[in-house]
Amino acid sequence: MEKLIQDLKIGDRVEGIFIIHQKKVNFKKDGSKFLRLELGDRTGQITGVVWDDIDLALEIIGDEYFIKASGMVDEYNGRRQIVISSLSRIDPKEVNIQDLFPKSPTDWEELKRRFQELRAMVDNHWLKSLLAAIFDDPEIYEPFTILPAAISKHHNYLYGLLDHTIEVTQLLLQASSVFPNLDRDLLLTGGLVHDIGKVAEYRIERGFEFTELGNLFGHVVIGHNMVRDAITKIEGFPTQITTKLLHMVLSHHGREEWGSPRKPAFPEAYLLHAMDNLSSKIHAIDED
Ligand SMILES: [Fe+2]
Ligand SMILES: [Fe+2]
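For clarity, every value in this text was computed on a predicted model and none was experimentally measured.

## Digging into the overall build of the chain
Moving on, step 1. Helix and strand counts for the chain come out as twelve helices and seven strands.
Moving on, step 2. Over its C-alpha atoms, taken along the principal directions, the chain stretches across nearly 75 × 35 × 35 Å.
Moving on, step 3. Scored against the burial criterion, the 288 residues of the chain give a buried share of 48%.
Moving on, step 4. Side-chain charges in the chain split into 33 positive and 45 negative, and the spacing between the mean points of these groups amounts to 3 Å.

This is the structure we're talking about:
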């Protein structure tokens, strides 16, 4: 069985698939070259060294993000490192990214179940069809359930976007019983779709990264466009709900300097911003 980085002990033989976080050619005391790799899996990082045949090793690695490496664990300056004896490329299709990056503490299937449960609470049939147009599309739903909610800061692990979306929507559900005059279905839908733009803002390659679209537009604008596009596919979708929901997506960051073109203009929009803020702040404090 393959061992995880956190469990490796000095003297262990290792064979496994790792992410290459960094590679660097260094020099030994006698002036000859060696290769130093920072390898990672979902439990952490470890240095790997290749003492001989550096050119061959560099050729094998090329521009790959993932590599199969085997070797022995030893100790250098009080830290574990892998002395690599062989490297080989792997077909990226064989790589299960879920083994290589940190995950949400809650099980993936459980998170998907909770998400669908919240989605099913929306009664308004227009909003129901909108949620179907967005979340029944596997090209949206799959990355939505896998991606982190942020590159750093909060929920920066696999399924983090799903985890954060559930938290925000659950908080809105609670708030709707405290404020019964507010539109509960609008609140729930706003919670479920508010960060949908992150599906196109982030990608997972060598780590959690911004896409070009993410860098140039950001998820507030991407999310607004995605919701608007989904609405245009539904014939007769009421203008009033369209305007309100799009405003909620656009204003969920609360302030211009936090990336929203407008501040929340009605109570449902304000609550979405407040609950979004609460969910991210609580996790940011947790990680400090
Ligand atoms: Fe956001
Ligand atoms: Fe959010």
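Now, onward.
## Here we look at helix H10 (residues 219-232)
Since the α-helix turns once every 3.6 residues, residues separated by three or four places project in the same direction.
Moving on, step 1. For H10, spanning 14 residues, the distance from its first C-alpha to its last is 20 Å, which sits close to the expected 20 Å at 1.5 Å a residue.
Moving on, step 2. Looking at H10, one finds that the buried residues are His219, Val220, Ile222, Gly223, His224, Met226, Val227, Ala230 and Ile231.
Moving on, step 3. If you follow the buried residues of H10, they end up packed against helix H4 (125-135), helix H5 (138-146), helix H7 (184-193), helix H8 (198-201), helix H9 (212-216) and helix H11 (239-251).

## Things to note about the domain arrangement of the chain
Moving on, step 1. Each domain of the chain was delimited in the assignment, giving domain 1 (5-94) and domain 2 (101-287).
Moving on, step 2. Of note, the centres of domain 1 and domain 2, computed from C-alpha atoms alone, are 39 Å apart.
Moving on, step 3. Between domain 1 and domain 2, the residue contacts involve eight residues of the former and five residues of the latter.
Moving on, step 4. Around 640 Å² of area is buried between domain 1 and domain 2 when both sides are counted, 56% of it from carbon and sulfur atoms.
Moving on, step 5. Per-residue buried area on domain 1 facing domain 2 is highest for Ile19, Arg42 and Tyr65; these three make up 70% of the total on that side.
Moving on, step 6. Where domain 1 packs against domain 2, one counts zero salt bridges.
Moving on, step 7. Inspection of the region where domain 1 meets domain 2 yields one residue pair in polar contact (both at pLDDT 80 or more).
Moving on, step 8. A per-element tally of the side of domain 1 that touches domain 2 places strand E1 (residues 13-27) first, with three residues.

## Considerations on the coordination of the iron ion (ligand 1)
Moving on, step 1. Every protein donor of the iron ion (ligand 1) is accounted for by Asp195 (OD), His219 (NE2), His252 (NE2) and His253 (NE2), and the metal-donor separations fall at 2.2 to 2.4 Å.
Moving on, step 2. Its four donor atoms give the iron ion (ligand 1) angles of 84 to 165° at the centre, a pattern that matches the irregular case.
Moving on, step 3. Expressed as a motif, the donor residue spacing for the iron ion (ligand 1) is D-x23-H-x32-H-H.
Moving on, step 4. Taken as a pair, the iron ion (ligand 1) and the iron ion (ligand 2) show a spacing of 3.7 Å, with aspartate 195 coordinating each metal. Placement of aspartate 195 in the loop between H7 and H8 and of histidine 219 in helix H10 is noted, with a sequence separation of 24 residues between them.
Moving on, step 5. Look at aspartate 195 and you get buried, because its relative accessible area is 2%.

## Overview of H4
Moving on, step 1. Along H4, the positions that sit buried rather than exposed are Leu127, Leu130, Leu131, Ile134 and Phe135. Along the axis of H4, the buried residues cluster in a sector spanning 110°; they form a single face.
Moving on, step 2. Looking at the buried side of H4, the elements it contacts are helix H3 (108-119), H5, H7, H10 and H11.
Moving on, step 3. For H4, the N-terminal capping position is held by asparagine 124, with its side-chain oxygen 2.8 Å away from the main-chain nitrogen of tryptophan 126.

The rules behind the values
Residues numbered from 1 in each chain as written. Chains lettered and ligands numbered in written order. Predicted model: local features only at pLDDT ≥ 70, side-chain atom pairs only at ≥ 80, totals over all residues. Heavy atoms only, no water. Helix = DSSP H or I, 4+ residues; strand = E, 2+ residues; numbered from the N terminus. Buried < 20%, exposed > 50% of the residue type's maximum accessible area, 1.4 Å probe, protein only. Lys, Arg positive; Asp, Glu negative; His and termini not counted. Charge placed at Lys NZ, Arg CZ, Asp CG, Glu CD. Expected span 1.5 Å × (residues − 1). Contact = heavy atoms within 4.5 Å. Domains from an automatic or database assignment. Buried area = accessible area lost by both parts, 1.4 Å probe. Salt bridge = Lys/Arg side-chain N within 4 Å of Asp/Glu carboxyl O. Polar contact = N/O pair within 3.5 Å; in protein donor to acceptor, adjacent residues only side chain to side chain. Donors = N, O, S within 2.8 Å, 3.2 Å for Na, K, Ca; no water. Tetrahedral: all angles 85-135°; square planar, octahedral: opposite > 155°, others 65-115°. Arc of directions from axis to C-beta.

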